[in-house]
Amino acid sequence: MTAHQHKFRVAPHLLQQEWLSSSLTDAEAFYWVSLVAASLALPFLWSWIEPSLLGGWWLSLLLLTLVGRALTQRARPDPAEAPAPQPQQDARRLALLQLGALCLGSVWAALLAWSLPALQHQPFAVGMLLCLWFAVLLLASSIYIYFFSVALAFTLPGLISLLLVSWTESQLFWSLLALPALAAVIFNAWHNRRLLRKMLAHQLQIAALLEEQQKQHSQLEDMVQQRTQELEAALAQHQHTSLELQQQRQRISQAIEASQLGLWDWDLDSDSIYHSHFSQIFGYAEDEIPHFMGHLQPLVHPDDYPHLRQQLIHAMKGQTRHFQCRFRIQHKTLGWRWIEDHGEVVERHPINGKAQRMLGTRRDVTEEQEKDDYLQLAWRAFEASSEATYIIDAESRIIFVNQAFVETTGYSRQAVLQQNFWQCPCFAREQATYKKIAQLLRQEPRWEGELIQERQNGESYPQWLRVVRVTSGYQSSAYTIGIFSDLTQKRLTEERLLYLAEYDELTGLANRAQFYDRLHQALGQARLSGQPLALLSFDVDRFKAYNNSLGHHVGDFLLKKIAERAAYQLPDAEILARTGGNEFAALLHADLDQALVLAQDLMSSIHQTIHYEQHELRLTLSLGISAYPEHSHELQVLMNQADQARLRSKALGGHQVHVYNDAMRQSNLEQLHLEQELRLALEGQQLAVHFQPKLDLATQRISGVEALARWHHPDMGWIPPSAFIPLAERTGLIHQLGSWVLEAACAQAAHWFEQGYSIQVAVNIAAQQIESGQLVHEVDQLLNQHGLPAQLLQLELTESTLMEDVEASVSEMQRLRQRGVSLAIDDFGTGYSSLSYLQRFPLDLLKIDRSFLQTQQTSHQQGTLTQAIIALGHGLGLKVVAEGVEYADQLEALRGLGCDYVQGYLISRPLAAEQLQPLLVEKADRRVTQDNPL
C-alpha cells in the first residue's frame, strides 16, 4: 500500500457499521422468507408427522420470527447519527445476527431430524423439505454475505442434524451427497463476502478521495487568495522602501561630505588615484604607494584578496553596479586593520563599455568589525541555546526569536517576528498573566515562574519562564527579554518516577508499597465500620519452568495476561497488586464465603488457554486466603497468614485454594522443627541409602537397583521420604542430600562390582544439583575415587527438573553422556511432557510413573496410556521401566506390552545393601573374577 493509499484508507469501523446496517435491514426479510418456506413445507409433512408437534414447531418459528424482527429493528443504527467507533455496540449487533441465525438454523435442524428418518417412505416430502432448507440456506448466505459467521451459524445446526441422522439411520450416502452442495454454498458465500467487502471498501475510499480533493481545492483557493494579499502588501512595502532609500541616499551623500571618510577617485586609464585621509587610514604617505588600487595585493590579507579582486572585476565589467567589500589590510604601524570600500564605475568607454573611472569611499571599520564578531558570537550562543528566547522592543514588537523558540512552540520566525506581542497567537493563552508580569517589571527588573502555554498544533505544555527588562541606547529604550524552557520532559520524568513508585511497570498493577498502604487504610476503615475484608495471595505454579524453557519474554507475556484476567475477574477489589516475581495479592470487601467463590472464579479464568505464537499454555494458581476480623487485626499478620495458606496450596501440588487456619500455623512450626532435625541428620549418621531392584523381563534377572534415601530419627523413628524430600527441596538442603546419596550409591556400586556383580545403580538428581553447574565434576570425581565404571551409574531426572532450565539441562546431560553415564527420565507422564524437548535430551531410559499402573486393572484408558508411553519410548530408542509393580497381573500385562524392566514391591521392597545381598545371589549375574572364579 502506497503512502497516498494509506492516507485515504477507510476506517475499519465505517466498513463494519455499513455491513451491520445492511445485514440488519436484510435480516427481517430473512426471517419472513424462512417462515414462508416453513409454511410451504407443512403440507408435505402434515400427513405423516404428528400435527400437534408440527404445529408447535411452526408456532415456535413464528414467535422466533417476530422476536427476531423486533430485535433487529431496535439494533439497527440511526442513519442520522455520525459514524463513530462503537466496538461494543457493533459486537452486540453482530452477536444478535449470529444468535438469530443460530436459532433459526436450530429450528430447521429439529424439523430435519424428525423428517430424515422417513426418507425411504416419504422421499418426495423429505426431498421438498431439503430443497426448501437449501433455499433458505442460499438466502442466508446471500443476506449475510458480509458476515460469514452468521450464515455459518444458520448452516451448522442443519448440517449436524443431517450428519447425525444419517449416521444413526445408516444413510451416509445421502449425507455425503449433500456435503459437496453445502460446501459449495459455504464457499460461494465466503467468496462473495470477500468480493462485496472489497467493493464497499473501494466505494468508501473513492468517496473519501473525492471529499479530500474538494477539500484540497478549497485550500488551494484560500492559499491563492492569501498569496495575492501578501504580494500586494509586499509591493506596497517595496514602494515605501524605495522612497525611503532615495531620501536616505541624499542624506548619506551629505553625511559623507561632512564626515572623515576616505574618498577615492580612480582613473583606470592612467592608474592614478585621488585619496583623502590616506595616511590616517593606512599609515602610509601617498607618495609611498603611488598606484595604490593597482598594487593592493601585497597589502591585503591573502584570505581576503581573492574576494576583493572578484568584486572589483564584477564592478568594472558592469556585472554589479555597486562595488562593496570589507577586507583586511596591513597598516604601516597598527598591523591588520579592517577596511570597508564602497564605489561605483562612473565613466565607461562609449564604444566598448570599458570602465574608465571609479569613485568611492573607504573607512576603517576595525572596531565595528570586532563588535560585529562579538555580536555574531552572542547571536550564535542564543541560537545554539536549548532554552527558547524572544526579545520585545518598547513598542511591544517581537524583534528576535531563536531556533529553540521555533522548535518548542512550532511557530516559524516569519509568523512571529515584527508581530505585536499582545496579538501574537503563541502568547494568547496567558494574556492575563503577561499583563501582571508587565506591571511587576515596572518595579522589579526580573520575574520568573511557571506557565501553561500552547504550541501551534494546539498542544498544551508547561514552561518555566524568566523575564528580564533591560534598557538600551541613548534614549534608554526598554526591551523585554523572555527565556523559557519546556518542562514537558521533566514532568513526564516526574510522573514516570511517581508511577514507578506505586505501580508495577510490567503489569500496570499496584506494587507492594502501594498495596501495603491501601491495606493499612482499608484496615483502619474496617475497624470503624466493622466491614469484613478478605486478603488473597496467589502465584503461578511452575512459573520458573515456563520462564526458563520458553524465554523471559514469554514469562513477561504470561504475567501481563494474568494481571489482565485477574483485573477483569476482580473488578470490585479494593486493590490488586503484583507483590513480586510471579506473586500477586488482592484485597476484597467480602467475607470468607464470598472470597472463596471469587478465588475459584479467578482460578478458572487463569486456567483458560493462553495462546502465544505456536504455544498453547494453561496456567494454574496456588491461592491462599486470610480474613479480617476472623484471623487477625494486624496488617503484617494478615499478609503472612495469606502467604502461609498460599504455600500450603503449592505444597499440595498447586491449583488449589486454602483458607488460613491454626493447623497451618502448627504445621509451619512442625516443618520448622523437622527442618532443624534434617540438618542435624545430614551432619550425623541418621540417614541411610536403601536399594530397590529392577527386574529385566527378558532375562528374569536383576540388572539394576535404584538408590533411595531413608531417615531413621532416634525419637520419631522412620520418617517417610514424602515428608522430608519436599522439605529438603523447599529449604535448599536437597543439594546436600542428593550429593550424599550419590556418593553412597557410587561406593556401594563399586563394592558390588568388586564382588563380580555388574549392577547398575540409579540415583535421583534434583534441579538444584543441575543448576549448580558442578554435577559433571562431582560425578567424574566419584567415579575416579571409587573405581566405578561409568556405565554402572545411572542418573534419574524428572520432567520438571529438566524443564527448569532446558538449555542448562541439555548441556549438563550431554557432558554426562560423553562421560559414559546412563541417563533416565523419571515419573514420565506426570510433568511437563513436552515431546519436542524430550527429543533434545540425550536419554537412555524412560520410567513410567506408578500412577499409570495403580488403576491398570480397572481402567482400559489407563492401560492404553501405558501402552502408548512404552511405544513412545521404544520409538525414541529408549529402554522403558515401569515402577510401582505390585501385582502379578500387572507384571504379565507389562510383559505383553513389551516393557523392558519392572520395579516394585512385587519384586522387592527397598532394602539395605546387606539385606539385598541374598536376592542378588539368587537373581543377579556375576562376572568371573580372580576372587570369584566360579
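Residues numbered from 1 in each chain as written. Predicted model: local features only at pLDDT ≥ 70, side-chain atom pairs only at ≥ 80, totals over all residues. Heavy atoms only, no water.

Peer 1: Give a description of the overall build of the protein chain that names residues and reports values.
Peer 2: For the protein chain, the count of helices and strands is 31 helices and 26 strands. Put simply, the protein chain shows about 50,200 Å² of open surface, and 54% of that area lies on carbon and sulfur atoms. (Helix = DSSP H or I, 4+ residues; strand = E, 2+ residues; numbered from the N terminus. Areas by Shrake-Rupley, 256 points an atom, 1.4 Å probe, with all protein chains shown as cover.)

Peer 1: Explain the pairing of strand β18 (residues 687-696) to me, using residue names and the numbers behind them.
Peer 2: Burial analysis of β18 places nine of its ten residues in the buried class, the great majority of the element. Direction of pairing for β18 relative to strand β19 (residues 701-713): antiparallel, over a ladder of ten bridges. Its bridge partner being in β19, Q692 is matched across the sheet by E706. (Buried < 20%, exposed > 50% of the residue type's maximum accessible area, 1.4 Å probe, protein only. Pairing = 2+ DSSP bridges.)

Peer 1: So what about the side chain of D393? Which residues, and what values?
Peer 2: Here D393 shows up in the loop between β6 (388-392) and β7 (398-401). By relative accessible area, which is 9% here, D393 ends up buried. Of note is the side chain of D393, whose polar atom sits 3.0 Å from the backbone nitrogen of E395. (Polar contact = N/O pair within 3.5 Å; in protein donor to acceptor, adjacent residues only side chain to side chain.)

Peer 1: Kindly report on the sheet that holds strand β3 (residues 322-331), identifying the contributing residues and their values.
Peer 2: Ordered by their spatial adjacency, five strands build an open sheet running β2-β1-β5-β4-β3, and the pairing between neighbours is antiparallel. Every other strand in the sheet has two partners, leaving β2 (272-275) and β3 as the edge strands with one partner each. Adjacent strand axes in the sheet meet at a mean angle of 25 degrees when their direction is disregarded. Here ten bridges tie β3 to strand β4 (residues 335-348), and the two strands are oriented antiparallel to one another. Its bridge partner lying in β4, Q330 is registered against W336. Against the sheet, helix α9 (residues 305-316) contacts β1 (262-267), β3, β4 and β5 (355-364), and its axis sits at roughly 150 degrees relative to β3. (Axes fitted to C-alpha atoms, helices over the stretch in contact; angles between N-to-C directions. Contact = heavy atoms within 4.5 Å.)

Peer 1: Would you mind going over a nonpolar patch on the surface in detail, with residue names and values included?
Peer 2: A contiguous nonpolar patch, built from L63, V67 and L71 and spanning about 250 Å² of accessible area, is present on the exposed surface. Structurally, V67 is set in helix α3 (residues 51-75). Judged by relative accessible area, V67 falls into the partly exposed class, the value being 40%. (Patch = residues over 30% accessible without salt bridge, like charges linked within 9 Å, V, L, I, M, F, W, Y side chains within 5 Å. Salt bridge = Lys/Arg side-chain N within 4 Å of Asp/Glu carboxyl O.)

Peer 1: Give a description of the sheet that holds strand β12 (residues 575-580) that names residues and reports values.
Peer 2: Spatially, the five strands line up as an open sheet ordered β12-β13-β11-β16-β17, and their pairing is mixed. Since the sheet does not close on itself, it has two edges, and those belong to β12 and β17 (656-659), each with one partner. Along the sheet, successive strands turn relative to each other by an average axial angle of 20 degrees, direction set aside. Here eight bridges tie strand β11 (residues 533-540) to strand β16 (residues 621-628), and the two strands are oriented antiparallel to one another. Paired with L535 across the two strands is S626, which belongs to β16. Along the sheet face, helix α17 (residues 552-569) touches β11, β12 and β13 (583-588) and points at about 155 degrees away from the line of β12.

Peer 1: Which residues make up the packing of aromatic side chains, and what values go with them?
Peer 2: Applying the stated criterion to the full structure yields 18 aromatic pairs. Judged by centre distance (6.2 Å) and plane angle (25 degrees), the rings of Y390 and F421 are stacked. Taken together, the residues Y390 in strand β6 and F421 in the loop between α12 (413-416) and α13 (431-441) connect sequence positions 31 residues apart. Taken individually, Y390 and F421 each receive the classification buried, so the pair is uniform in this respect. Connected via pairs of aromatic rings, a cluster forms that spans Y390, F405, F421, W422, F427, Y434 and F484. The side chain of R455 reaches across the aromatic face of Y461, ending 4.2 Å from its centre. (Phe/Tyr/Trp six-rings, centres within 6.5 Å; stacked < 30°, edge-to-face > 60°. Lys NZ or Arg CZ within 6 Å of the ring centre and 35° of its normal.)

Peer 1: Mind laying out the packing of helix α4 (residues 87-115) against helix α5 (residues 123-143), listing which residues take part and the relevant values?
Peer 2: Closest axis-to-axis distance for the α4/α5 pair is 11 Å, and the angle between their directions is 160 degrees. When the interaxial angle is binned, α4 and α5 end up roughly antiparallel. The chirality of how α4 crosses α5 is left-handed. The segment α4 lies against α5, with W108, L111, L112 and S115 engaging V126, L129, L130, L132, W133 and V136. (Parallel < 35°, antiparallel > 145°, perpendicular 65-115°, else oblique. Left-handed = near helix turned anticlockwise from the far one by under 90°.)

Peer 1: I'd like a rundown of the pattern of salt bridges, residues and numbers included.
Peer 2: Scanning the model with the defined rule gives 35 salt bridges in all. Each member of the salt-bridge network shares a partner with another, and the members are D539, D541, E583, D643, R646 and K650.

Peer 1: I'd like to hear about the nonpolar core, residue by residue, with values.
Peer 2: One finds W752, L793 and L795 to be the most contacted residues of the largest nonpolar core, which totals 77 residues. Ranked by residues supplied to this core, first place goes to helix α22 (residues 734-754) with nine residues. If we ignore the near neighbours within four places in the chain, the residues touching W752 are F691, V705, Y757, I759, V761, A913, L916, Q917 and L920. One finds A37, A101, A151 and V165 within the second-largest nonpolar core, a separate group that totals 44 residues. (Core = buried A, V, L, I, M, F, W, Y, C linked by side-chain atoms within 4.5 Å.)

Peer 1: Describe helix α21 (residues 721-731), with residues and values.
Peer 2: Buried within α21 are the following residues: F724, L727 and A728. The buried residues of α21 occupy an angular sector of 100 degrees when the element is viewed end-on, so they sit on one face. Two residues or fewer after α21 comes G732, characterised by a positive phi angle close to 85 degrees. (Arc of directions from axis to C-beta.)

Peer 1: Break down the state of the cysteines for me, citing the residues and quoting the values.
Peer 2: Across all of its chains, the model carries zero disulfides by this definition. C424 supplies the cysteine sulfur nearest to C426, a cysteine that is in no disulfide, at a spacing of 3.3 Å. Under the relative-accessibility criterion, C426 is labelled buried at 4%. (Disulfide = S-S within 2.5 Å.)

Peer 1: Account for the confidence of the model for the protein chain, naming residues and giving values.
Peer 2: Mean pLDDT over the protein chain works out to 81, with 86% of the residues at or above the 70 mark. Low confidence marks residues 1-10, where pLDDT is under 50. Its contacts with residues over four positions away, or in another chain, come to 14 contacts. In this model residues 928-934 is a low-confidence stretch, pLDDT under 50, and it forms five contacts with partners more than four residues away in sequence or in other chains. (pLDDT = per-residue confidence, 0-100.)

Peer 1: Describe unusual backbone geometry, and please don't skip the residues or the numbers.
Peer 2: Y628 connects to P629 through a cis peptide bond whose omega is 10 degrees. Within the secondary structure, P629 is located in the loop between β16 and α19 (635-651). In the Ramachandran plot, S396 falls in the positive-phi region, its phi being about 65 degrees despite a non-glycine side chain. One can find S396 in the loop between β6 and β7. One non-glycine residue, Q700, lies in the positive phi region at around 60 degrees. One can find Q700 in the loop between β18 and β19.

Peer 1: Please provide a residue-by-residue account of helix α18 (residues 592-607), values included.
Peer 2: In this model α18 runs 22 Å from its N-terminal to its C-terminal C-alpha over 16 residues, within 8% of the 22 Å that 1.5 Å per residue would give. Of the positions making up α18, those classed as buried are A595, A599, L602, M603, S605 and I606. Across the axial projection of α18, the buried residues extend over an arc of 160 degrees, all falling on one side. On its buried face, α18 is in contact with β11, α17, β13, β16 and β17. Where α18 starts, the residue carrying a side-chain oxygen 3.3 Å from the main-chain nitrogen of D593 turns out to be D591. (Expected span 1.5 Å × (residues − 1).)

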